[in-house]
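Working through the structure, step by step
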Amino acid sequence: MKAPFSTYLTEIAPALKQLVGLLRKRYGWVSLLATDSKGFSVRISQRAKNVGSETMMTERGCVVRVWQDGLYSEAAFNRFDPADVEGLCAKLCAELDAQLKVLRELGTAVYETPALPDEERTLFVEMETGRLPEDEDIPALIRHLTEVSDAGMEQGRDMLDCMVSAQSTHVCKMFLTERQDLRQSYVYSEGGVVCMVMRDGRNEMSHEGVAERLGPEIFDDLSDALKQALEISQDLLNAERVEPGEYEIITAPDVTGLIAHEAFGHGVEMDMFVKERALGVEYIGKRVGSEHVTMHEGANTVVNVASYAFDDEGTLAGDVTEIDRGILRTGICDALSALRLGTVPTGNGKRENFEHKAYTRMTNTLFDSGKDRLEDMIASVRHGYLLRGISSGMEDPKHWGIQCIVERGYEIVDGQFTGKIIAPVVMTGYVPDLLGSISMVSPDREAFGTGGCGKGHKEWVKVSDGGPYLKAKARLG
Amino acid sequence: MLDMILSLLRESGADAWEVTDSQERGWEFYFIRHRLDQHRAKLVEHIWVKVYVRSEDGKFLGSASAEIAPTATRAEAEATIRELVGRAAYVKNPAYTLVKPDGGEQPAAEPVAVERIARDFLETMEQLPETETEDLNSYEIFVSEVRRRFLNSEGVDVTSVYPSSMVEAVVNARRDGHEIELYRLYKSGSCDREQLTRDLSETLRYGRDKLVAVPTPAIGKTAVVFSTDAAREIYEWFIARMSAGMRYRRISDWTEGKPIAPEFRGDRMTVEAVTKLPNSSANAAYDDEGARIRPRVLIREGIAEASFGSRQFSQYMGLEDSFQPGNFAVSGGTATAEELRQGRYLEVVEFSDFQVNPFNGDIAGEIRLGYWHDGDQVTIVSGGSVSGTMADFVQDLHCSREQRQYNSLLIPAVTRLEGVTVTGAE
């Protein structure tokens, strides 16, 4: 079925267009993003049960962006009376004027930027989904997740608790200017199983997730996720600390995704080029990885949680080849950064929600597949680890340092698994060294969309990342 | 809108309910170098509703929550509440009770001078002691007045009005064509010019040092000294382990009246919930469930004393009179900061993202800037990582008598952990 576009947004669209028109009399350029995204969140464990309607992307509100004399200003609001558009217009202008008064009194200089283009454009997209979150039978879902949690407790060993979660969001966004009217509606869902275990006073927690740009139907069968989470929990309880040092590594697709995202993805967000915060700008056209490295980024790269039709600035979704056989080709760019850099936006201008500023953000970031069989990759390792599971990562676009905290590693000696497991694993290093060391790439490729991405330590958005198995060298601690 | 929701809730058949109405007026300024990239205003209202339904035998209390948009029609709000009542009946949590009015006086709800606070931040950032080689790359200023009203079916109706501010700053330092950056994110109530200037000046100095840093050697296990905001993570782990939620879920086994470590070779810490800290953004008088926030000692000289937390988990742990504090203070250091900086140790002042896993106490972080003190030699280092587990460190943790405040946390200015694994970058 198609995910139907918001009735609320359809109803208020004429009044919002009136607001754009009124603002246009005062400002040289005006856009408006309106959102109405509904969802649910259910978390079931043996100790507590939670049912809510909020997810990372549920929201209802608007943000106007205006331009005058080289300066962009924005006002976010969520109290809107279609019968009093003039009143709202006056209120928003007064608030922005009050800010400008302070800025003028302080003699603040402006980073002057031209007005965005405004060409005639309409788009109406309702994407496919199996079911809608707003139609979901929540009591039935509660019963289902409870059964999965109970099964986890029954099948698992050393279990403290088994938490099962399911979230689904029906995203509706409308972007308006004087000449543009873009509307999109899609559903994404994510969930998973968390096993909390304790043995001899040691706590460990494993997680296995599911995420798709589909409806709540993805929760119908969580048996694989449960099985995986149970196995991982035992692996973690049996894990040792790694002896710090440099090792041959094989990264599973989820860890490959973490590298794509943290080690490289943030480094080519081009708002960082504007601020001269990214080393990447100096490497366009230069080698940053081995011949085996090709990386794509974009809402159209794969179909996953970050696959939309247009971004929060009205730029259509794209698919950018960032690295082509080891050579850095380009980055990703929001609309304002593109104006400042004299390039074109790539459909990566995203907001945490209508209340937040748009920045250049990742969508789906993936390494391309290769031709090496996983068995051959394992057989080629003299001493190293197959790394699986992600905990967290942190970007460092200025210096291309890497911080990836990987959940666990399986030791390989002379091409054979020894049975030794290490956890947690802190992988650090220098991005070109890591990407340059990639010597084998498997043909399979997976994308993972259960996580969120921050910029610095804030501005959380949905992203997916992934790739195939990679063989490389890295420092583990 | 709020009156309509309250009326719908009273007619809904829910056994109990809670409503939080949060209104925010926010001003934001974004700078590249010192040029204004963009400015933003925010005028928003969020109304969250939670309904409760008791099981027939009274043993269970289910809840379901949703945000009702301020633009929702009566029919929309009614449908949402009806749906919540239906869902809550299927959520089987052991019964607990909601907060009741405490009869105490409500603090006056003073309006927040958003414009003045914003002006203070703008001026402070403009006047930082930058040099030709150390300066601000970019910064973002966020200032808000938050007006939060909480009501429940027990008759609680309390309002908190408070300022909430945040500054994100990226600092550059450069020499001979080489440039580095350091990142800071400060949260506070309003603008404390002196503290912000002091902290950012310190960051500018670190930037200078990072330029000459060499790769961290493979040190192995050593003492690591924390003297910047990464130390918050360490103390937040202690606080989390005293929360009723962590104890109820059996993630924390710390028990009232018992020591938090089998033996203490280091300092015995005292951890307290405090109602207010100077300029904290968490100085609201009431918590999210309408309970008045009060002082409470959580750990006294290394002995667990009291938990804190939500009504639900607190009551499950047999704690009737509880709340969720916003501010915490940690003390108990027996040495001075100078005394802790003795012998062989690595002082790390910048991490990529230092983390303490709340579930198992594992620590991890990539070193962006550290000072390796080896005998009389001090080497400025960068790269590599620290790792280990708090379960090992808690027995031999040393902290300074001097304290330093990070928004809602007042903690020892210097913390020393023994036996941390340091992976080198060489």
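Per chain, residues are indexed from 1 in the order of the written sequence. Chains carry letters from A onward and ligands carry numbers from 1 onward, assigned in written order. The predicted nature of this model means local features are confined to residues of pLDDT at least 70 and side-chain atom pairs, given and counted, to a pLDDT of 80 or more, with totals for whole chains, interfaces and linings taken over all residues.

Focus on the overall build of chain A
For the purposes of this entry, the term helix denotes a DSSP run of H or I that reaches at least four residues, the term strand denotes a run of E that reaches at least two, and both are numbered from the N terminus. Looking only at helices and strands, one finds 9 helices and 26 strands in chain A. With the radius of gyration taken over C-alpha atoms, the globule rule is written as 2.2 Å times the number of residues to the power 0.38. Relative to its length of 477 residues, chain A is compact, with a C-alpha radius of gyration of 24 Å against a globular reference of 23 Å. Principal axes of the C-alpha set define a box for chain A whose edges measure 70 × 55 × 40 Å. Working definition of burial: number of other C-beta atoms within 10 Å of the residue's own, with buried at 20 or more, exposed at 12 or fewer, and partly exposed in between, all C-beta atoms being placed from the backbone. Scored against the burial criterion, the 477 residues of chain A give a buried share of 59%. We call two residues in contact whenever the C-beta atoms placed from their backbones are within 7 Å. Taking as baseline every contact in chain A between residues at least 6 positions apart, the subset at least 24 positions apart corresponds to 75%.

Let's talk about the overall build of chain B
Scanning chain B from N- to C-terminus turns up 9 helices and 21 strands. Taking 426 residues into account, the globule formula puts the C-alpha radius of gyration at 22 Å, and chain B, at 24 Å, falls close to it. Overall size of chain B, expressed as C-alpha extent along the three principal axes, is 75 × 55 × 35 Å. Within chain B, the proportion of its 426 residues that are buried is 52%. Long-range contacts, defined here as pairs at least 24 residues apart, represent 74% of the contacts in chain B between residues at least 6 apart.

Brief notes about unusual backbone geometry
Only a minority of non-glycine residues have a phi that is not negative, and only a minority of peptide bonds are not trans. Each neighbour pair has its own omega, and for Ala423 of chain A with Pro424 of chain A the value is -20°, a cis peptide bond. Note on placement: Pro424 of chain A falls in the loop between strand 19 (416-422) and strand 20 (425-430). Unlike most non-glycine residues, Glu301 of chain B shows phi in positive territory, near 50°. Along the chain, the position of Glu301 of chain B falls in the loop between strand 10 (296-300) and strand 11 (303-304).

Looking at the interface of chain A and chain B
Many authors give the size of an interface as the accessible area that is lost as the parts come together. With 60 residues of chain A at the interface, the matching set in chain B holds 60 residues. Sorting elements by how many residues they give to the side of chain A that touches chain B places strand 4 (residues 71-77) of chain A first, with 7 residues. Residue classes follow a fixed rule: Ala, Val, Leu, Ile, Met, Phe, Trp, Tyr, Cys and Pro count as nonpolar, while Asp, Glu, Lys and Arg count as charged, and any other residue, Gly among them, counts as polar. Each residue belonging to the side of chain A that touches chain B can be placed in one class, and the counts come to 28 nonpolar, 16 polar and 16 charged. With 6 bridges joining them, strand 4 of chain A and strand 2 (residues 35-54) of chain B adopt parallel strand pairing. Residue Glu74 of chain A lies in a different strand from strand 2 of chain B, and its bridge partner there is Arg40 of chain B. Pairing between strands is defined by DSSP: at least two bridges between the two strands are required.

Digging into the pairing of strand 26 (residues 470-476) of chain A
Looking along a regular strand, one sees side chains alternate from face to face of the sheet. Residues and elements named next belong to chain A. Within strand 26, 6 of the 7 residues are buried, which leaves it mostly tucked inside the rest of the structure. Note: strand 20 against strand 26, 2 bridges, orientation antiparallel. Bridge assignment links Thr428 to a residue of strand 26, and that residue is Arg475. Across 2 bridges, the pairing between strand 21 (residues 440-441) and strand 26 is antiparallel. Directly across from Met440, in strand 26, lies its bridge partner Lys471.

Some words on the domain arrangement of chain A
Residue and element names in this part refer to chain A. As used throughout, domain bounds are those supplied by an automatic or database domain assignment. Under the domain assignment, chain A is made up of domain 1 (7-106 + 123-237) and domain 2 (245-476). Put simply, the middle of domain 1 and the middle of domain 2, counted by C-alpha atoms, are 24 Å apart. Contact with domain 1, which involves 29 residues of that partner, is made by 24 residues of domain 2. Those elements giving two or more residues to the side of domain 1 that touches domain 2 turn out to be strand 1 (29-44), strand 3 (59-68), strand 4, strand 6 (121-126), strand 8 (180-199), strand 9 (202-212) and helix 4 (223-237). Per-element accounting of the side of domain 1 that touches domain 2 gives the leading share, 7 residues, to strand 8.

Focus on the sheet that holds strand 22 (residues 446-448) of chain A
Residue and element names in this part refer to chain A. With respect to topology, 6 strands assemble into an open sheet ordered 13-12-11-16-25-22, the strand pairing being mixed. Looking along the sheet, the strands with just one partner apiece sit at the ends: strand 13 (327-328) and strand 22. Strand direction decides the pairing type here: strand 11 (residues 295-297) and strand 16 (residues 364-367), joined by 3 bridges, are antiparallel. When the bridges of strand 16 are listed, His296 appears paired with Leu366. Helix axes are fitted only over the stretch in contact, all axes being lines through C-alpha atoms; the angle between N-to-C directions runs from 0 to 180 degrees. The strands touched by helix 5 (residues 253-264) are strand 11, strand 16, strand 22 and strand 25 (464-467); relative to strand 25, the strand with the most contacts, the crossing angle is about 120°.

Some remarks on the sheet that holds strand 9 (residues 270-274) of chain B
Residues and elements named next belong to chain B. Taken in spatial order, the 6 strands of this open sheet run 11-10-9-12-20-19, and their pairing is mixed. A single partner strand is all that each edge strand has here, and the edge strands are strand 11 and strand 19 (403-406). Sheet topology places strand 9 next to strand 12 (residues 327-331); 5 bridges connect them, and they run antiparallel. Within strand 12, the residue paired with Thr270 across the bridge is Ser331.

Observations regarding the nonpolar core
Under the definition applied here, buried Ala, Val, Leu, Ile, Met, Phe, Trp, Tyr and Cys residues are grouped into a nonpolar core through C-beta atoms within 7 Å. By size, the foremost hydrophobic cluster in this structure holds 265 residues, and its most contacted members are Val193 of chain A together with Val49, Val51, Ile141 and Val224 of chain B. No other element matches strand 7 (residues 159-177) of chain A, which puts 10 residues into this core. Those residues in contact with Val193 of chain A, other than ones at most four positions away along the chain, are Val148, Gly152, Cys162, Val164, Glu208, Leu222, Ala225, Leu226 and Ala229 of chain A.

Quick word on helix 2 (residues 74-88) of chain B
Its 15 residues give helix 2 of chain B an end-to-end C-alpha distance of 21 Å, which sits within 8% of 21 Å, the value for a rise of 1.5 Å per residue. Within helix 2 of chain B, burial applies to Ala77, Thr80, Ile81, Leu84, Val85, Arg87 and Ala88 of chain B. Considered in projection along helix 2 of chain B, the buried side chains sweep an arc of 165° and stay on one side of the axis. Contacts made by the buried residues of helix 2 of chain B are with strand 2 (49-52) and helix 3 (138-155) of chain A together with helix 1 (2-11), strand 2 and strand 3 (61-68) of chain B. What a helix should span is 1.5 Å times the count of its residues minus one. As used here, the arc is the angular range of directions from the helix axis to the C-beta atoms.

Regarding the pairing of strand 2 of chain A
Residues and elements named next belong to chain A. Here 4 bridges tie strand 1 to strand 2, and the two strands are oriented antiparallel to one another. If you follow Ile44 over to strand 2, its bridge partner there is Lys49. Connecting strand 1 to the next strand, strand 2, in antiparallel fashion are 4 residues.

Structural notes on the environment of Val102 of chain A
Positionally, Val102 of chain A belongs in helix 2 (residues 85-105). Using a count of 18 C-beta atoms within 10 Å as the deciding quantity, one classes Val102 of chain A as partly exposed. Sequence separation between Val102 of chain A and Gly342 of chain A is 240 residues; the distance between their C-alpha atoms is 31 Å. Discounting residues that sit within four places of it in the chain, Val102 of chain A has contacts with Glu115, Ala118 and Arg119 of chain B.

So, the domain arrangement of chain B
Residues and elements named next belong to chain B. Segmentation of chain B into domains returns domain 1 (2-210) and domain 2 (215-423). Listing elements by their share of the side of domain 1 that touches domain 2, those giving two or more residues are strand 1 (16-32), strand 4 (134-152), strand 5 (157-175), strand 6 (178-188) and helix 4 (193-210). Counting residues per element, the side of domain 1 that touches domain 2 draws most heavily on strand 5, which supplies 5 residues. Class assignment of the residues belonging to the side of domain 1 that touches domain 2 gives a composition of 11 nonpolar, 11 polar and 7 charged.

Describing the confidence of the model for chain B
A low pLDDT score tells you not to read the predicted coordinates there in detail. Note on scores: pLDDT gives the predictor's confidence for each residue, bounded by 0 and 100. Model confidence for chain B is summarised by a mean pLDDT of 95, while 100% of its residues fall at 70 or above. Per the prediction output, this complex has pTM 0.96; the corresponding ipTM is 0.96.

Observations concerning the packing of helix 1 of chain B against helix 2 of chain B
All names here are of chain B. At their nearest, the axes of helix 1 and helix 2 sit 10 Å apart, and the two run at 40° to each other. On the basis of the axis angle, helix 1 is oblique to helix 2. Crossing of helix 1 over helix 2 shows right-handed handedness. Contacts between helix 1 and helix 2 involve Met4, Ile5, Leu8 and Leu9 from the first element and Arg74, Ala77, Glu78 and Ile81 from the second. When grouped by side-chain class, the residues that make up the contact of helix 1 with helix 2 number 6 nonpolar, no polar and 2 charged. Roughly parallel refers to an angle under 35 degrees, roughly antiparallel to one over 145, roughly perpendicular to one between 65 and 115, and oblique to any angle outside these ranges. Put simply, a crossing is left-handed when the front helix is turned counterclockwise from the back one by less than a right angle, and right-handed when it is turned clockwise.

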